[in-house]
Amino acid sequence: MKPLIVANWKMNPQTLADTKKLFNSVKKRIKDTKKAEVVICAPFVFLPILKVKGAQDCFWEEKGAYTGEISTKMLKDLGIEYVIIGHSERRKYQKETDEMINKKIKAAIVEGLKPILCIDKISQLERDLKGVSLKEFRNLIIAYEPLFAIGSGQPCPPEKAERMRILIQKKLKKRIRIVYGGSVNSQNAKEYIEKAGFQGLLPGGASLKAKEFIKIIKNVSRS
Ligand code: PGA
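Read on for a plain summary of the structure. Everything numeric in this text was worked out from a predicted model, so none of it was measured. (Residues numbered from 1 in each chain as written. Predicted model: local features only at pLDDT ≥ 70, side-chain atom pairs only at ≥ 80, totals over all residues. Heavy atoms only, no water.)

1. Observations concerning the overall build of the chain
Formally: To qualify as a helix, a DSSP run of H or I must reach at least 4 residues; to qualify as a strand, a run of E must reach at least 2; elements of each kind are numbered from the N terminus. Atoms considered for the radius of gyration are the C-alpha atoms alone. The globule rule reads 2.2 Å times the number of residues to the power 0.38. Three labels apply to residues, based on accessible area from a 1.4 Å probe with only protein chains included: buried if under 20% of the type maximum, exposed if over 50%, partly exposed otherwise in between.
Check the secondary structure of the chain and you find nine helices and eight strands. Here the chain has a C-alpha radius of gyration of 16 Å; the compact-globule value for 223 residues is 17 Å, and the two agree. Here the C-alpha coordinates of the chain stretch approximately 45 × 45 × 30 Å along the principal axes. In the chain, which comprises 223 residues, the proportion classed as buried is 52%.

2. A few points about the site of the ligand
Note the threshold: A single heavy atom is enough: if one lies within 4 Å of a molecule or strand, its residue is considered near that molecule or strand. A 3.5 Å cut-off defines polar contacts: any pair of N or O atoms within that distance qualifies, except that in protein one atom must be a possible hydrogen donor and the other a possible acceptor, and neighbouring residues in sequence count only when both atoms are side-chain atoms. Note on areas: Shrake-Rupley, 1.4 Å probe, and residue coverage restricted to the protein chains presented here. Only Asp, Glu, Lys and Arg are considered charged in this grouping, and only Ala, Val, Leu, Ile, Met, Phe, Trp, Tyr, Cys and Pro are considered nonpolar; every other residue, Gly among them, is considered polar.
Near the ligand lie 13 residues; those nearest to it are Lys-10, His-87, Glu-145, Gly-151 and Ser-183. Separating an oxygen atom of the ligand from a side-chain N or O atom of Glu-145 is a distance of 2.8 Å. Considered on its own, the ligand offers 280 Å² of accessible surface; in the complex 95% of this is hidden by protein. Per-class residue counts for the shell around the ligand are four nonpolar, seven polar and two charged.

3. A word on a positive patch on the surface
Selection criterion: Residues enter a patch when their relative accessible area is above 30% and they make no salt bridge; the linking distance is 9 Å between like charges and 5 Å between nonpolar side chains (Val, Leu, Ile, Met, Phe, Trp, Tyr). Here, a salt bridge means any side-chain nitrogen of Lys or Arg that lies within 4 Å of a carboxyl oxygen of Asp or Glu. Just so you know, the count uses Lys and Arg for positive and Asp and Glu for negative, and it drops His and the chain ends. We put the charge of a Lys on NZ, of an Arg on CZ, of an Asp on CG and of a Glu on CD.
A contiguous patch of positive charge on the surface is contributed by Lys-28, Arg-29, Lys-31, Lys-211, Lys-215 and Lys-218. Elements represented by at least two residues in the positive patch include exactly helix H1 (16-30) and helix H9 (210-221). Ranked by residue count, the leading element in the positive patch is H9, at three residues.

4. Points about the nonpolar core
Side chains of nonpolar character tend, in soluble globular proteins, to be buried together. Cut-off, in case you're wondering: By convention a nonpolar core is built from buried Ala, Val, Leu, Ile, Met, Phe, Trp, Tyr and Cys residues, the set being connected through side-chain atoms within 4.5 Å. Contacts were defined at the residue level, with two residues in contact if any of their heavy atoms lie within 4.5 Å.
By size, the foremost hydrophobic cluster in this structure holds 58 residues, and its most contacted members are Ile-105, Leu-129, Ile-142, Tyr-180 and Leu-201. Counting residues per element, this core draws most heavily on H9, which supplies six residues. When residues no more than four places from it in sequence are discounted, the contact partners of Leu-201 are Leu-4, Ile-5, Val-6, Val-179, Tyr-180, Val-184, Ala-189, Tyr-192, Ile-193, Ile-216 and Val-220. If you look at the next biggest cluster of nonpolar residues, it comprises 12 residues, including Ile-84, Cys-118, Ile-141 and Val-179.

5. Some thoughts on the pairing of strand S4 (residues 82-85)
Walk down a regular strand and you will see the side chains alternate between the two sheet faces. As a reminder of what qualifies: Strand pairing requires that DSSP identify at least two bridges connecting the strands.
Here S4 shows two buried faces, one formed by Tyr-82 and Ile-84 and the other by Val-83 and Ile-85. With two bridges joining them, strand S3 (residues 54-55) and S4 adopt parallel strand pairing. Considered in S4, the bridge of Ala-55 is made with Val-83. The sheet contact formed by S4 and strand S5 (residues 114-119) spans four bridges and is parallel. By the bridge assignment for S5, Ile-84 is matched with Ile-116.

6. Some remarks on the side chain of Ser-186
When you line up the elements, Ser-186 lands in the loop between strand S7 (177-180) and helix H8 (189-194). Excluding its chain neighbours within four sequence positions, the residues that come into contact with Ser-186 are Glu-212, Lys-215, Ile-216 and Asn-219.

Structural data, given as structure tokens:
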């Protein structure tokens, strides 16, 4: 399977002009990349303009009086395929609980979206995936994102990340895609795929620098 490279732009860039500039320089250079699947998770406001495949969050209710929220149907209607759910920054700043994350995962699956569930502890898996059937795991992606590695410039040693990947796989009893995130850059990207056996990466900071992001894609594509 091709590695899945998910760019998490978070709350960046700040203007539409800068967003288009970043997007176009990435797009131009990855046009012929066939050996990796690239998903850009842009902020909601830019989704219909860029027509990317990824979003950074969703709400669990179908519709109605939920000011500021975005439904899975709205995302699907825009052509979104993947949605990040349970990122540690949302768990921290928006106080998202495992219960809320579980509802979001289910809502995404019902709508036919592929949730990218971010965890940093094995214990979160059971709570976040409560009531999700093995059959539904088909479209699920798990992102192992150790808290200490996120935005810190201190990536997780690949051997340690690999141990977590194996534990996640064992716990879920089904082969699903597991990606690594946390200070991924063009230097370490390949190690997580080749040495630690991940099926993809979730770069944050590095995905905002066009050249660096392209290098990540090229480095894992060659493997
Ligand atoms: P980082 O972010 O690559 O900047 O560490 C990763 C993430 O938060 O998903």
